[in-house]
Amino acid sequence: MSTITAGKTNTIKTLNNIAEVGLNEFKKGNFTIDDSNENPDAVVVRSFNMHSMEFGSNLKAIARAGAGVNNIPVDKCTEQGIVVFNTPGANANAVKELVLTSLIASSRNLFDGVAWAKSLAEKTEGEDVAKLVEAGKKQFVGKEIRGKTLGVIGLGAIGALVANDALNLDMEVIGYDPFISVDTAWNLSRNVHRAMTIEQLFAYSDFITVHVPLTNDTKGMFNEEAFKQMKKGVHILNFSRDGLVNEEDMGVALKNGTVGKYITDFPNENVLKMENVIPIPHLGASTAESEENCAIMASRQVKEYLETGNVKNSVNFPNADLPYTGKRRVAAFHMNVPNMVGQITGAISDYHLNIADMVNRSRGDYAYTMIDIDNKINGDTIPGLLEKIKQIKGIISVRVI
Ligand SMILES: NC(=O)c1ccc[n+]([C@@H]2O[C@H](COP(=O)([O-])OP(=O)(O)OC[C@H]3O[C@@H](n4cnc5c(N)ncnc54)[C@H](O)[C@@H]3O)[C@@H](O)[C@H]2O)c1
Ligand SMILES: O=C(O)CC[C@@H](O)C(=O)O
């Protein structure tokens, strides 16, 4: 893909309901929002499954207004030079609040108790209601969470908030995250015990909450082998993704009491049929505040990328920031192999253009180079320059902004 974007109106398509305050960001620039466009410059999405979508030749960016990107074919995007963004931390507080609510509510049998109380309306009336309430409440005697152990798997934006606040509720907290980032580690209370292995966490926890992305490595991590190592009657909270749980094994564990309750934000046909499941209709991030935070962050990231080439919070390409001065900028995604920068700058100097500034960043197999040109470029020159850079082996996509 090679494109010239300066001065052009960029089309944004949304695939889910995106908070208006976020989309308003696009009013400050050369953008139109057109959900019927088949070949937009960028897409803003929440949970819409994009795996079977074909991407048009204009598509340069997909922004996930949220954390999980398992609904986006990230590898295909990388091959096509499409940047995928997410909004780290923007909905973490919303999820944390619902996790802690569900933790307490499940321990106190609140969901069953409330459903039972509502059902009394059909069975009786008048003063008998209060009598039945007092007689029936013993079925719902719960347990306090104080002093119990919460295991938190994944100590990223959400997991760290949950772990810290559970300590404030007088729980013991044990955390497991072999890939914890330095930033999160700084924010985590020193009173969170560190599990060196996931088995340690399984063995000690009365409640387990999981906050990891769904990947090939984490898929089905809650399986028969894992359940065997847990305390009998453990409550498992899954506000991450349904694919983390082997549902057949979960069905067995719920039946034989190994798992006392399974609280999931991702109900499906299978789990809805199981006893002791508390199904929540994917409400983790459904607060006005979180939807607005995510929409603003996603829109700003897309807008900045289309207008300046700067990349912030990409999940597939390196982040890169070169202060934008309004000069013509060549922005190229390419393989992370030797001499790419030399070849790109060589192509630029073939057109007798002088380089004002540049940045090159790499991430695994991929890299990103932005080069600002000092001279005014004649518009007729750009297609030739783009074509020349595109011919370099290892270039994935290139734009002149
Ligand atoms: N229910 C909802 O509405 C909702 C909202 C936001 C996020 N989510 C889900 O929650 C997940 C976590 O969100 P987040 O914002 O905390 O993400 P995050 O990227 O900040 O944190 C994820 C953490 O998981 C850790 N991790 C990865 N693999 C691991 C493994 N095998 N074992 C232990 N730790 C591992 C990472 O090191 C990281 O610290 C998202 O990927 C998404 O699927 C759901
Ligand atoms: O958009 C939502 O409501 C859910 C988002 C959530 O699943 C996420 O991964 O951020």
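Naming follows an unreviewed UniProt entry, where the chain appears as D-3-phosphoglycerate dehydrogenase of Evansella vedderi. Under the UniProt heading Pathway (unreviewed entry), the entry covering the chain gives this text: "Amino-acid biosynthesis; L-serine biosynthesis; L-serine from 3-phospho-D-glycerate: step 1/3." A UniProt comment under Function (unreviewed entry) is attached to the chain, and it reads "Catalyzes the reversible oxidation of 3-phospho-D-glycerate to 3-phosphonooxypyruvate, the first step of the phosphorylated L-serine biosynthesis pathway. Also catalyzes the reversible oxidation of 2-hydroxyglutarate to 2-oxoglutarate."

Below, the discussion takes up the sheet that holds strand S5 (residues 61-64). Spatial ordering of the open sheet is given by S3-S2-S4-S5-S6, a layout of five strands whose pairing is parallel. Strand pairing shows two members of the sheet lacking a second neighbour, strand S3 (31-33) and strand S6 (83-85), which therefore form its edges. Averaged over all neighbouring strand pairs, the angle between strand axes comes to 20°, with direction disregarded. Relative to S5, helix H12 (residues 288-308) is tilted by about 165°, and along the sheet it contacts strand S2 (10-14), strand S4 (42-45), S5 and S6.

Around ligand 2, a shell composed of Arg 46, Ser 47, Gly 66, Ala 67, Gly 68, Asn 91, Ala 285 and Ser 286 is seen. Along the lines of polarity and charge, the residues of the shell around ligand 2 split into two nonpolar, five polar and one charged.

Moving on, we come to the sheet that holds strand S7 (residues 149-153). Read from one edge to the other, the open sheet built from seven strands follows the order S9-S8-S7-S10-S11-S12-S13, with strand pairing classed as parallel. Two strands bound the open sheet, and with one partner strand each, they are strand S9 (193-194) and strand S13 (277-279). Two elements, S7 and strand S10 (residues 207-210), share four bridges in a ladder whose sense is parallel. Counted as the bridge partner of Val 152 is Thr 209 from S10. The sheet contacts of helix H3 (residues 92-107) involve S10, strand S11 (234-238), strand S12 (259-264) and S13, and relative to S11 the element is tilted by about 150°.

This brings us to the site of ligand 1. Around ligand 1 sit 33 residues in total, of which Gly 68, Gly 154, Gly 156, Phe 179 and Gly 284 are the nearest. Within the residue set of the shell around ligand 1, elements represented by two or more residues are H3 and helix H6 (157-168). It is H6 that contributes the most residues to the shell around ligand 1, three residues altogether. Its residues assigned to classes, the shell around ligand 1 shows 16 nonpolar, 13 polar and four charged. Taken domain by domain, the makeup of the shell around ligand 1 includes at least three residues from each of domain 1 (1-91 + 287-317) and domain 2 (92-106 + 143-279).

Take the domain arrangement of the chain next. One can read the domain layout of the chain as domain 1 (1-91 + 287-317), domain 2 (92-106 + 143-279), domain 3 (109-142) and domain 4 (320-401). Between the C-alpha centres of domain 1 and domain 2 the distance comes to 31 Å. Each partner contributes to the interface: domain 1 provides eight residues, whereas domain 2 provides seven residues. Counted by class, the side of domain 1 that touches domain 2 contains one nonpolar, six polar and one charged residues.

Moving on, we come to the packing of H3 against H6. What describes two packed helices is the angle between their axes and the distance between those same axes. The geometry of H3 relative to H6 is characterised by a closest axis approach of 9 Å and an angle of 45° between their N-to-C directions. Relative to H6, the element H3 is oriented oblique. H6 is crossed by H3, and the crossing has right-handed handedness. On H6, the residues that touch Ala 92, Asn 93, Val 95, Lys 96, Val 99 and Leu 100 of H3 are Ala 157, Ile 158, Leu 161, Val 162, Asp 165 and Ala 166. Broken down by class, the residue content of the contact of H3 with H6 amounts to nine nonpolar, one polar and two charged.

This part covers the packing of helix H13 (residues 340-350) against helix H14 (residues 381-390). Two elements in contact, H13 and H14, have axes separated by 9 Å at closest approach and are oriented at 150°. With respect to H14, the element H13 is oriented roughly antiparallel. In this structure, H13 meets H14 at a crossing whose hand is right-handed. Touching Ile 344, Ala 347 and Asp 350 of H13 are Leu 385, Lys 388 and Ile 389, all from H14. Here the residues of the contact of H13 with H14 sort into four nonpolar, no polar and two charged.

This part takes up the pairing of strand S8 (residues 172-176). Burial runs high along S8: four of the five residues are buried. In this structure, S7 lies alongside S8, joined through five bridges in parallel fashion. Opposite Val 152, over in S8, you have Gly 175 as the bridge partner. Between the parallel elements S7 and S8, the chain passes through H6 in a crossover that is right-handed.

Taken together, the buried positions of helix H10 (residues 247-255) are occupied by Met 250, Ala 253 and Leu 254. On an axial view of H10, the arc spanned by its buried residues comes to 100°, and they lie on one face. Pointing more than 90 degrees away from the buried face of H10 are the exposed residues Glu 248 and Lys 255. Where H10 is buried, its residues meet helix H9 (224-228), S12 and S13. Taken from the residues just after H10, Gly 257 is the one with a positive phi, measuring 85°.

What follows deals with the environment of Met 358. Along the chain, Met 358 falls in strand S15 (residues 355-363). Between the C-alpha atom of Met 358 and that of Pro 178, which follows or precedes it by 180 residues, the distance is 35 Å. Beyond its immediate sequence surroundings of up to four residues, Met 358 is in contact with Thr 369, Met 370, Ile 371 and Asp 372.

Each value, and the rule that gives it
- Sequence order sets the numbering: in each chain, residues are counted from 1 along the sequence as written.
- Naming scheme: in the order in which they are written, chains are lettered from A and ligands are numbered from 1.
- Per-residue local features are limited, in this predicted model, to residues with pLDDT of at least 70; the limit for side-chain atom pairs, both in listing and counting, is 80 or more; totals at the level of whole chains, interfaces and linings are taken over all residues.
- UniProt positions are given in the numbering used here, feature names are shortened, and annotations may be inferred rather than shown by experiment.
- Pairing between strands is defined by DSSP: at least two bridges between the two strands are required.
- Helix and strand assignments come from DSSP, with helices taken as H or I runs of at least 4 residues and strands as E runs of at least 2, each series counted from the N terminus.
- Lines fitted to C-alpha atoms define the axes here, with helix axes fitted over just the stretch in contact, and angles between the N-to-C directions of these axes take values from 0 to 180 degrees.
- Contact between residues is assigned whenever the C-beta positions, reconstructed from backbone atoms, fall within 7 Å.
- The criterion for a residue being near a molecule or strand is simple: its C-beta atom, placed using the backbone, must lie within 6 Å of it.
- Polar here means any residue other than Ala, Val, Leu, Ile, Met, Phe, Trp, Tyr, Cys and Pro, which are nonpolar, and Asp, Glu, Lys and Arg, which are charged; Gly is therefore polar.
- What marks off one domain from the next here is an automatic or database domain assignment.
- An angle counts as roughly parallel when it lies under 35 degrees, as roughly antiparallel when it exceeds 145, as roughly perpendicular when it falls between 65 and 115, and as oblique in every other case.
- By definition, any crossing whose near helix is turned counterclockwise from its far helix by less than a right angle is left-handed, and any crossing with a clockwise turn is right-handed.
- Each residue is classed by its C-beta neighbour count within 10 Å, where at least 20 other C-beta atoms makes it buried, 12 or fewer makes it exposed, and intermediate counts make it partly exposed; the C-beta atoms are placed from backbone geometry.
- Handedness rule for crossovers: strands pointing away from the viewer, path from the first strand over the helix to the second running clockwise, crossover right-handed.
- Directions pointing from the helix axis toward each C-beta atom define the arc.

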